[in-house]
Each structure stands twice: as C-alpha cells, then as structure tokens.
Amino acid sequence: MSAHVSPASVTDADIFEMRYARSRDDLWSMLDRLYGAHPGYDSFRPALDATLRRAWDDRPSDLKRLDLTRDLEPDWFQRPQMTGYVFYIDRFAGDLRGVIDKLDYLSGLGITYVHFMPCLKPRPGDSDGGYSVMDYRAINPAYGDMADFEAVTAACRARGISVCVDMVVNHTAKEHAWAQKARAGDPVFRDYYLMYEDARLPQAYEQSLIEIFPDTAPGSFTWYGDMQRWVWTTFNEHQWDLNWANPQVFLEMLATMLFLANRGVDVLRLDAVAFMWKRMGTRCQSEPEVHMLLQALRAATRIAAPSVIHLEEAIVGPEEMLPYLGRGEHDGKEGNLAYHNSLMVQVWSALAARDTRLMTHVLATHFPPVLTNATYATYLRCHDDIGWAVTDADAAAVGLNGYLHRQFLADFYEGVFPGSFAKGALFQHNPETGDKRNSGTTAALAGLERASASGQTQDIGLAVDRILMGHALIASYGGIPLIYMGDEVALLNDHGYRDRPEHAHDSRWLHRPKMDWDRVALARAAPESAPGQVLAGITTILARRAETPELHAGNATEVLQTGNPALFAFARRAPTGSLVCLFNFTETWQVIPADWLQAQGARQRVDVLSQSPVGDSHGAVPLPPYARVWIR
C-alpha cells in the first residue's frame, strides 16, 4: 500500500510567480522596445521587478482574495449588474466619511461602481478641477485622509461596489515634489519633465500642436525665468507634462498606481493618456508609444494587483479611441474601459435633429460589435463639456455639412437656436476655428429647465421622457452605464457658479451643482413630479438591466437599419437569442412593422423594461414619443 502524500500548498509567492509568467511577455516586450536603448535600462529592469514584488508583498489579504475571485471571473466588469455613478466627493457627501452614509442610497439605485472625481491632493488654488495633482499618495485634505479613503473603499467593497479614482498620467502640478526638485536645478528630476533652454524646439513643436484651452491657456509651453527653461504645459501653466521617454517616470508612476491599488482602488482612470508621448511634426496625441506604455502598465497591474482594471480617458474620434481598448498587437492587452464619447455625442445630435441617420451611420461604421477583454463606459453627461465630435466625412455620408451641423448643435444646446428645448452655455468658443463646445446638466439639455420655467406640463413630460430614453439607451448599448451625480433626480443647471470667483471663468461648473438631497426627498415623496418620475424610471431601468443577461458586454451589439430616421435600433446578440432595443428620437408617434421585428429575431412581444405586452393586433409595435423598448 502506497503512503498518502499530501499535495503541496500554493503560497502567495507561487501565485505571484504564476501571474508574472502570464504577463511577462506583455510587459517586457513593450518595455524593451520603449526603453531598451536608454542608458538607464539595465538598472531599470531589476528596479521594476522589485517594485512589482514589493507591491504584492504589501497587498492586503482581502484584496488578494479579491484578486483570486476576479481571476476566476474575468468578465466581472462586463456583467449587466455593473452600473456606475460619478460624483465629486464634496458636492455629493461633504467628505469621504460622508460617502459611507450615502451607500444605502447608491445601493438602492442599483449602483455597483462609483467614480470619485479627483480626490488626490491637488495644488492650492486653481487645480483644473482637481486634475493638477501635487501628491498622488495623499488625499485632498478637504475630503479627509488616506485612512478615511481606505475606510470608504472597504465599505464599498463590502457592498459589492467597485471604486474608481483618477490617476493623471500626462502631467503633475508644478508644486509636485518632483517638479520642485526640477525647478531647484536637480538634473535627475529635470529629466522627469520636458524642459528646453531656448524656444527653438518649443516653437518647432508648436507648429503641429493643437491648443486644448485656447481661452485660458494658449500655447503648449511656458517660460520660467527663475530656471531659464521652457516647460511643456499642454493643459495649463501649472500642469507640467511628464517625460515618459524616461524609464524612471514609468517606474515612479507604476509604483504610485500599485500603491493606490493596495488602498482599495478597483478601477484606475488614467487621465489624459493620449498626450503621454511626444513626436515632432505630430499633434503629440495617440502616438504608437502611448499604446505600448499602456499595455505595459496594464500587464504590470495584472501581475501585482490583478483585480484592478484600467479606464483610459481618451476623448477622441472612433478610429483613435478604439486602440485604447486594444487593437492589433495590443488586442485584449490594453485598457479594459474607455469612454464611448461618440455614443454620447450622437444621442444629443439625434435628439436635436430628430433624425438618427448620422447616429446609425457612425455607430454602425466605426465600432466593432464586440471587444476583447474590454468594454465601453457609456454616458449621457460627465463633468466635462460636450465637444461636437462629428467629422465632415461622417456628416457628408448622410447628406449633412459637418461644419454647419456642429454649429447647429452648439447653438441648439446653448438654447439660442429657434425652437430649441435646451438650456445650456458655451464653453471655450474659438472664433478663429468656429469650434464651440457646450455645458449643461442632462436635465437642462433635455429640456426640463426651460419647460419648468414655462410651466408647460406637456413640455415637462417630453423632457422627462428624453432623460429616461437616454438612460435606457446607455444601459443597454453595451458596457458600463455611468450616471452623473444628480441626473437620477433631474438636477438643473447651477447658474450661481458665476458668483464664485474660483468657478466663474469655467462654464463647466454650470453642470456641476451640489447634490440636492431635498430634491431626492421630493422625488420620493412626490413620484408624479419630474424628479420623482426620473428617479423611479432610472431605478427601474437599472434593475431591468441587471436581470437581462443579453446585456452582458461580451455579447455583440449590432446597430440595425430601421428605414425610419426617427428611430434608432440595435440588437444584443446573445447565444440564447437576441434582444432588440428600439428608441424613438422624436415627439411624434412612430411604428415599427411586425415583419421587421420578426427578421431581427424579436419574437416575444413583451417589453423587458416595462414588462408589458407591446404590439397591435397585426404584430406591429407603436412607439410613443421618446419611447424606449427592449424586446426579446
């Protein structure tokens, strides 16, 4: 009889080595190409290896358990139960400890993902809304400290809520410790940034660069007389661009990302990724090396904190955006999430025009039905402005003039176009190029502010239906829908931002009001009110989404041609069958024929959203103004 041999136990060290083996090629193949010729590369390699091992050794046991769970369930962020909520901590709950008191509210909405708008320690004064960070390892003291942050992430994790925070990767505040050492003359830290002794190179780069904030921060370089240097400042004078061609910058930023991961962060929103690599004669946006850097950062995270995913913030056109979700050699190896900016733009465009042909063309032509190990963050509004990203070629494909259509949209959502239902404001109007962007809350842009002021019951009802249709669309299109704070109770514009000196120069504060908890109470007490209808409607949409397996992001999204420019439609193609989603973008009744539905595989005449039968005696489905219907 053979002796019983106990199987060897698997240690933490074993697990780390297995994960390292899994991602080694994804990591080092990129770093060898990026930095192999750099004189500091030989010392960089062991330093990076040590950084990964140290981060793993420091990782708390409960997060290591979460790592194992998500390794076994790698589609966790693609499931229909994932629904996001985005807010400024102070404007939502006062401070971090206050967030804990609001978790019941978020859970009641069905939220399983929260994005804390910039919460790392910003520079004093103007900090670009928190995106000018002076210490990545400290919390904004107005919100609390790192112990408070860890308490909040633990409370969220206990409720199954993932936490997303911003990690600004293109630049630091000029007050950052690295920048201060560079300013003092330390050559090591001067190489962390892009600095030039004379204007020759800055002027050469400027020939092809695009100004980001022409009104408030013209140009892309700033002269500092105290150190006799030009510094690359893409966004603002106080935001110094990092030199990612220096491997030490990669090492330092990765160590910081892993530090945050070990504090309980589930999603790292990598801000301004498009600008990370500079090349003369280009826009210095979305260069090939950017994607190599992002694959390497993703691979490193998969080794030392594999339950963490990356949201890559690149608000660019479709062809430029999709590589951030991994295309070609980076397929399935780069970002897990990226904002579907085109979907947001096209929703508002179709609402203004009462015509979905441009929307259908753009989404059917430029976006693949399914992505590898990645998905979209879908949204109607965010903290930022809306830039009307409609290309001349796409507009021409449906018989429009691109320039004129962009002007129409900016005027419509400013509220100055005749017959507009919207009430917004311009942001960063550039008279030379004609570029106009817009600010405004979802409810204000959808018509509720103007309708409420006039007291027209019918117009209020139409505005509510626009809001709910938009949320039903982003909840079903594919990805993680993001609710911007207050949209669930139809918060209106905050015109008082003009009275606050620190905000008056930036119209984006128009759509960043403080959370109105009295309005939440009203919505609950008066369900027939506009806030009440919106709150109940969005809560229902998210609940139905969670119960609908066809909405898993791994299932293809096929944009459909209805032949009716008033309607937008797509099918979610699941192995068990199709879910056909229909949206009426007009204030008039429309009809979808029975044979069209039959051809798309929609055989059950029951709307998943309302859980009510749909269709007339002939099987056709009448669609009231701004209808939203999901049919199996």
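The preceding data block contains the structure.
Residues numbered from 1 in each chain as written. Predicted model: local features only at pLDDT ≥ 70, side-chain atom pairs only at ≥ 80, totals over all residues. Heavy atoms only, no water.

**A short note on the overall build of the protein chain**
What the protein chain contains, in helices and strands, is 23 helices and 26 strands. Against the globule reference of 26 Å for 632 residues, the protein chain gives a C-alpha radius of gyration of 25 Å, in line with a compact fold. The proportion of buried residues among the 632 residues of the protein chain is 61%. Put simply, the protein chain shows about 23600 Å² of open surface, and 52% of that area lies on carbon and sulfur atoms. (Helix = DSSP H or I, 4+ residues; strand = E, 2+ residues; numbered from the N terminus. Rg over C-alpha atoms; globule rule 2.2 N^0.38 Å. Buried < 20%, exposed > 50% of the residue type's maximum accessible area, 1.4 Å probe, protein only. Areas by Shrake-Rupley, 256 points an atom, 1.4 Å probe, with all protein chains shown as cover.)

**So, the environment of Leu445**
When you line up the elements, Leu445 lands in helix H18 (residues 442-445). Leu445 gets classed as buried once you look at its relative accessible area, which sits at 0%. With 24 residues separating them in the primary sequence, Leu445 and Phe421 have C-alpha atoms 7.5 Å apart. Those residues in contact with Leu445 that lie beyond four places of it in its chain are Trp348, Arg381, Ile386, Tyr413, Phe421, Ala422, Lys423, Gly424, Ser439 and Gly440. (Contact = heavy atoms within 4.5 Å.)

**Overview of the sheet that holds strand S17 (residues 435-439)**
Two modes of strand pairing occur in sheets, parallel and antiparallel, and in both the strands are linked by backbone hydrogen bonds. Taken in spatial order, the three strands of this open sheet run S15-S17-S16, and their pairing is antiparallel. The open sheet has two edge strands, strand S15 (386-387) and strand S16 (425-430), and neither has a second partner. Direction of pairing for S15 relative to S17: antiparallel, over a ladder of two bridges. In the sheet register, Gly387 faces S17, and the bridge partner there is Arg437. Along the sheet, helix H17 (residues 402-414) makes contact with S16 and S17, crossing S17 at roughly 30°. (Pairing = 2+ DSSP bridges. Axes fitted to C-alpha atoms, helices over the stretch in contact; angles between N-to-C directions.)

**Here's the deal with the sheet that holds strand S9 (residues 229-232)**
One open sheet accounts for three strands, arranged S7-S9-S8; its pairing is antiparallel. Of all strands in the sheet, those with a lone pairing partner are strand S7 (195-196) and strand S8 (221-224), marking the two edges. Here S8 pairs with S9 via four bridges, running antiparallel. Residue pairing for S9: Trp223 is matched across the bridge by Trp230.

**Here's the deal with the nonpolar core**
Within the largest apolar cluster, 189 residues are counted, with the highest numbers of intra-cluster contacts made by Tyr85, Phe116 and Trp244. Dropping the residues within four chain positions of it, Trp244 is found in contact with Tyr35, Val169, Val249, Phe250, Met253, Met276, Trp277, Leu293 and Leu297. One finds Leu582, Ile592, Val614 and Val629 within the second-largest nonpolar core, a separate group that totals 16 residues. (Core = buried A, V, L, I, M, F, W, Y, C linked by side-chain atoms within 4.5 Å.)

**A short note on the packing of aromatic side chains**
The final tally for this structure, using the stated rule, is 40 aromatic pairs. Relative to Trp509, the ring of Tyr88 has its centre 5.8 Å away and its plane inclined at 35°; by these criteria the two rings are tilted. With Tyr88 in the loop between strand S1 (84-87) and helix H4 (89-93) and Trp509 in the loop between strand S18 (480-484) and helix H21 (517-525), the pair connects residues that are 421 residues apart, well separated along the chain. The exposure class assigned to Tyr88 is buried, which follows from its relative accessible area of 4%. Pairing Trp348 with Tyr413 gives two aromatic rings, centres 5.5 Å apart and planes at 75°, and the pair type is edge-to-face. Of the two residues, Trp348 sits in helix H14 (residues 341-353) while Tyr413 sits in helix H17, which places them 65 residues apart along the sequence. Its relative accessible area of 0% is what places Tyr413 among the buried residues. Put simply, the rings of Tyr85, Phe87, Phe92, Tyr105, Phe116, Phe149 and Trp517 touch in pairs and so form one group of aromatic residues. The cationic tip of Arg70 hangs over the ring face of Trp76; the distance from NZ or CZ to the ring centre is 3.6 Å. (Phe/Tyr/Trp six-rings, centres within 6.5 Å; stacked < 30°, edge-to-face > 60°. Lys NZ or Arg CZ within 6 Å of the ring centre and 35° of its normal.)

**Let's talk about unusual backbone geometry**
Despite not being glycine, Ala272 has its phi angle at roughly 60°, a positive value. On the secondary structure map, Ala272 appears in the loop between strand S11 (267-271) and helix H12 (288-304). The class of Ala272 is buried, set by a relative accessible area of 4%. Phi at Cys284 is positive, roughly 55°, even though this residue is not glycine. Residue placement: Cys284 occurs in the loop between S11 and H12.

**Some thoughts on the pattern of salt bridges**
Inspection of the entire model under this criterion finds 42 salt bridges. Its salt-bridge partner being Asp241, residue Lys278 comes within 2.7 Å of it at the nearest N-O pair. Note that Lys278 is positioned in the loop between S11 and H12 and Asp241 in strand S10 (residues 239-241), a separation of 37 residues in sequence. Asp241 shares its class with Lys278; the two are buried. Salt-bridge contacts for Arg628 lead to Asp465; the nearest nitrogen and oxygen are separated by 3.0 Å. Here the residue Arg628 occupies a position in strand S26 (residues 628-631), and Asp465 occupies one in helix H20 (residues 457-476), the gap between them amounting to 163 residues. (Salt bridge = Lys/Arg side-chain N within 4 Å of Asp/Glu carboxyl O.)

**Points about the pairing of strand S21 (residues 577-584)**
With seven of its eight residues buried, S21 lies for the most part within the structure. Bridge count for strand S20 (residues 567-574) against S21 is eight bridges, and the pairing is antiparallel. Among the inter-strand pairings, Phe568 is bridged to a residue of S21, identified as Phe583. From the end of S20 to the start of S21, which pair antiparallel, there are two residues. The pairing of S21 with S26 spans four bridges and is antiparallel. Residue pairing for S26: Val580 is matched across the bridge by Ile631.

**Structural notes on the packing of H20 against helix H22 (residues 530-546)**
The geometry of H20 relative to H22 is characterised by a closest axis approach of 10 Å and an angle of 20° between their N-to-C directions. Looking at the two axes, H20 sits roughly parallel to H22. Note on packing geometry: the crossing formed by H20 with H22 is right-handed. Judged by residue contacts, Ile460, Val464, Ile467, Leu468, His471, Ala472 and Ala475 of H20 engage Ala530, Gln533, Val534, Gly537, Ile538, Ile541 and Arg545 from H22. Of the residues contributing to the contact of H20 with H22, the split by class is 10 nonpolar, three polar and one charged. (Parallel < 35°, antiparallel > 145°, perpendicular 65-115°, else oblique. Left-handed = near helix turned anticlockwise from the far one by under 90°. Nonpolar A, V, L, I, M, F, W, Y, C, P; charged D, E, K, R; others polar.)

**A word on the packing of H21 against H22**
The contact between H21 and H22 brings their axes to 7 Å, and the two run at 80°. What the angle tells us is that H21 and H22 run roughly perpendicular. Along the contact surface, H21 presents Arg519, Leu522, Ala523 and Arg524, while H22 presents Pro531, Gly532 and Leu535. Residues belonging to the contact of H21 with H22 are distributed by class as follows: four nonpolar, one polar and two charged.

**Some words on the pairing of strand S19 (residues 556-560)**
Counting buried positions along S19 yields four of five residues, so the element is predominantly enclosed. Here S19 runs beside S20; their pairing, made up of five bridges, is antiparallel. Residue pairing across strands places Thr557 opposite Arg572, the latter belonging to S20. The antiparallel pairing of S19 with S20 creates a hairpin that spans six residues between the two strands, and Gly563 there sits at a positive phi of about 80°.

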